Amino acid sequence: MNALTPNIAPFDGHLIAPQTRAFLDRKHKLLIDGLWVDGETGETMETRDPATGLVLTEFAIGTAGDVDRAVAAARRAFEGPWSRLSVAERTALLTRFARLIAEHAALLTELEVIDNGMPRFIAGLCVDNCVEMVDYYAGSIMRIQGTTIAPPRHVAAEAEALTYTVKEPVGVVAQITPWNVPLAMAILKLSPALAAGCTIVIKPSEETPLSMLLLGDLLLEAGFPAGVVNIVNGLGATVGQALSEHPDVDKISFTGSTATGKRIIQAATGNLKKVTLELGGKSPVVVMPDADLALAIPGVAMATYFLQGQNCMAGTRIFVHVDIHDALVEGLVQFSQGMTLGHGLDPTSMQGPLISQVQTDKVMGFIEGAVAEGATLVAGGKRLERPGNFVEPTIFTNTTRDMRVVREEIFGPVMAIQRFEGTDLDAIAKLANDTPFGLSGSVWTQNLGWAHKLVARIRAGHVSVNCHGAVGTNIPFGGYGQSGWGREFGQESLEGYLETKAVTVRL
Ligand SMILES: NC(=O)C1=CN([C@@H]2O[C@H](COP(=O)(O)OP(=O)(O)OC[C@H]3O[C@@H](n4cnc5c(N)ncnc54)[C@H](O)[C@@H]3O)[C@@H](O)[C@H]2O)C=CC1
Ligand code: BAL
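Quick caveat, the model's predicted, so the values are computed rather than measured.

## Re the overall build of the protein
Next up, step 1: Scanning the protein for helices and strands turns up 18 helices and 22 strands.
Next up, step 2: For the protein, whose C-alpha radius of gyration is 24 Å, the value lies close to the compact-globule estimate of 23 Å for 507 residues.
Next up, step 3: The principal-axis extents of the C-alpha atoms in the protein amount to approximately 75 × 65 × 40 Å.
Next up, step 4: Counting across all 507 residues of the protein, residues that qualify as buried make up 53%.
Next up, step 5: Within the protein, counting contacts between residues at least 6 apart in sequence, those at least 24 apart form 70% of the total.

## Comments concerning the packing of helix H10 (residues 236-245) against helix H11 (residues 258-268)
Next up, step 1: At a closest axis distance of 8 Å, the pairing of H10 and H11 adopts a crossing angle of 45°. When the axis of H10 is compared with that of H11, the two are oblique. For the pair H10 and H11, the crossing hand works out as right-handed. Across the interface between the two elements, Gly236, Gln241, Ser244 and Glu245 from H10 touch Thr260, Ile264, Ala267 and Ala268 from H11.
Next up, step 2: Each residue belonging to the contact of H10 with H11 can be placed in one class, and the counts come to three nonpolar, four polar and one charged.

## Observations regarding helix H12 (residues 293-305)
Next up, step 1: Across its 13 residues, H12 extends 17 Å between first and last C-alpha, which sits within 8% of the 18 Å expected from 1.5 Å per residue.
Next up, step 2: Looking at the buried residues of H12, the elements they touch are strand S14 (284-287), strand S15 (317-321), helix H13 (322-337), strand S18 (414-420) and strand S19 (441-444).
Next up, step 3: Phi for Leu307, located one or two positions after H12, is positive at around 60°.

## What about the site of ligand 1?
Next up, step 1: Neighbouring residues of ligand 1: 28 residues in total, closest Pro178, Gly236, Gly240, Gly256 and Ser257.
Next up, step 2: Elements that contribute at least two residues to the shell around ligand 1 include exactly H10, H11 and helix H14 (357-372).
Next up, step 3: Here the shell around ligand 1 gets five residues from one element, more than from any other, and that element is H10.
Next up, step 4: Looking at the shell around ligand 1 residue by residue, the classes come out as nine nonpolar, 13 polar and six charged.
Next up, step 5: Each of domain 1 (25-279 + 485-502) and domain 2 (283-472) gives at least three residues to the shell around ligand 1.

## Here we look at the environment of Asp49
Next up, step 1: Among the secondary structure elements, Asp49 is positioned in the loop between strand S5 (44-48) and strand S6 (55-60).
Next up, step 2: Separated by 68 residues in sequence, Asp49 and Gly117 have C-alpha atoms that sit 6.9 Å apart.
Next up, step 3: Other than its neighbours up to four places away in sequence, Asp49 contacts Leu54, Leu56 and Ile114.

## Overview of the domain arrangement of the protein
Interfaces are often described in size by the accessible area the parts lose on coming together.
Next up, step 1: Annotation of the protein at the domain level lists domain 1 (25-279 + 485-502) and domain 2 (283-472).
Next up, step 2: The C-alpha-based centres of domain 1 and domain 2 are spaced at 31 Å.
Next up, step 3: Listed as interface residues are 17 residues of domain 1 and, on the opposing side, 19 residues of domain 2.
Next up, step 4: Of all the elements in the fold, those that place two or more residues in the side of domain 1 that touches domain 2 are helix H5 (105-116) and helix H6 (120-140).
Next up, step 5: Each residue belonging to the side of domain 1 that touches domain 2 can be placed in one class, and the counts come to nine nonpolar, five polar and three charged.

## Focus: H11
Next up, step 1: Here H11 has its buried residues at Thr258, Thr260, Gly261, Ile264 and Ala268. Looking down the long axis of H11, one finds its buried residues gathered within 155° of arc, a one-sided arrangement. Residues of H11 that are exposed and point more than 90 degrees away from the buried face comprise Ala259 and Gln266.
Next up, step 2: Next to the buried residues of H11 lie H10, strand S12 (251-255), strand S13 (274-278) and strand S21 (484-485).

## What to know about the UniProt feature "active site" (unreviewed entry) in the protein
Next up, step 1: As recorded in UniProt, the sites labelled "active site" (unreviewed entry) are Glu278.
Next up, step 2: Considering the arrangement of structural elements, one finds Glu278 in strand S13.
Next up, step 3: Overall, Glu278 belongs to the buried group, with 28 C-beta atoms counted inside 10 Å.

## Quick word on the site of ligand 2
Next up, step 1: Taken together, Thr47, Arg48, Pro50, Asp115, Glu207, Thr208, Ile355 and Ser356 make up the full set of residues adjacent to ligand 2.
Next up, step 2: Here the shell around ligand 2 is built from residues that sort into two nonpolar, three polar and three charged.

## Concerning the nonpolar core
Next up, step 1: Counting 96 residues, the largest nonpolar core has Ile101, Cys130, Val134, Ile200 and Val201 as its most contacted members.
Next up, step 2: In this structure, Ala301, Tyr305, Val391 and Phe437 belong to the second largest nonpolar core, which totals 55 residues.

Basis of the calculations
Residues numbered from 1 in each chain as written. Chains lettered and ligands numbered in written order. Predicted model: local features only at pLDDT ≥ 70, side-chain atom pairs only at ≥ 80, totals over all residues. Helix = DSSP H or I, 4+ residues; strand = E, 2+ residues; numbered from the N terminus. Rg over C-alpha atoms; globule rule 2.2 N^0.38 Å. Buried ≥ 20, exposed ≤ 12 C-beta atoms within 10 Å, placed from the backbone. Contact = placed C-beta atoms within 7 Å. Axes fitted to C-alpha atoms, helices over the stretch in contact; angles between N-to-C directions. Parallel < 35°, antiparallel > 145°, perpendicular 65-115°, else oblique. Left-handed = near helix turned anticlockwise from the far one by under 90°. Nonpolar A, V, L, I, M, F, W, Y, C, P; charged D, E, K, R; others polar. Expected span 1.5 Å × (residues − 1). Near = placed C-beta within 6 Å. Domains from an automatic or database assignment. Arc of directions from axis to C-beta. UniProt positions renumbered as here; feature names shortened; annotations may be inferred. Core = buried A, V, L, I, M, F, W, Y, C linked by C-beta atoms within 7 Å.

See below:
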């Protein structure tokens, strides 16, 4: 990994590397057809450091016309040089891209921290995971394969014949990413699509454009042909909507809110583009009476607090058996009160700010609403009196199924605890499944029988035992119910960017 030169550039009480400063000071454009270009209106937006509210830099934003240019470039690349590359050449490009990410790990980490707010150690882990993911999909290209099948009866009756399938890239893909883990979201969408041989127009969240802009440089440096990856920053209502409606986009992959996911499905019907959606969640965390509290207390806390709760897998509905309720709550309160909140660049920070003032107001609305609805506030509940969007890790007990804090995705560090009695697994699973979402969940117990029986009963795409949200590069991830369509990560993600063509040859 290329270390950055020592952090010497002053940055609101912290120091950042000169390379980071230089990146921020650059003019940030759109990447279309292999070139950094201005948007057609010349309009820009600001992105801010959510820990301080200070403007980091400005970046160009696109329009529907810019989307047209980017989609046309992606189509030309799809039909042109990109489709003529051998699998070995495609593998080499992705491998080179992975190495460049590794070489720029320190810069990517610092950009992710100041644009999103996450603590540096988490951003560093994200970058490592990104390298692993690009390598994983580079390695999967050589294994893309079809099958041979018995030919149809009417052809085989008349002549010798051969039937086989081939896998082909879906085509031009639009990818719309959110702000909660911007770099990782971009990589988990870009790398399987590139491995499959698709071309891409990506729209990062307008809240966090920076890491994708640096990835644009790295994609060019790696040698991807012009138009293979195009970046059009901008607003969801303009650029996102134009991509979703676009008649020459073959597939759209989206991560974000369920409400926007539904809008995208409607927009996508025009040309019936394929749609993959990774949407919201309200994941259950079930703590059985025999749970190992030494494991469960930090595990349950971080199930909610990871990424300040701005995490689609967040386990924010905690169901705890009455026998250990008080002990667990006491431990969770202590854990929450021991968490240090601060700027992500500060190495002592365990939790950073929320992404924006809007998100902070939303989270505070949930907290005030829960108090008004009669939940018991046992930890946190306040916004910090300092610049930036900091909300204390917050715990409610005595919550009930009808409270908003239990029903809706909050995307903040807010835990809602309910207690249950008995060990009727069907009844416990009914509590866990009492949500329109189905993304993630976890079970905390030392009884393997209980664990597996509950896993089988919980309706979610990803369930963990004695840990939460244990996702990985090779592990399919996605939702039941209103948490989405399709799967990302692993081979299933690659499949989502491939069509199957069946071929019969009369010999
Ligand atoms: N599942 C997840 O990982 C995420 C869930 N969320 C949820 O969504 C809530 C609101 O956050 P937002 O940033 O407003 O989410 P959002 O779903 O509106 O935004 C996510 C992405 O979609 C784009 N977008 C917005 N409207 C669009 C449209 N009409 N067509 C196409 N693209 C569009 C945005 O520009 C952004 O790139 C959060 O509080 C959280 O509950 C937010 C981010 C990630
Ligand atoms: N970069 C964090 C969100 C904002 O720009 O306000």
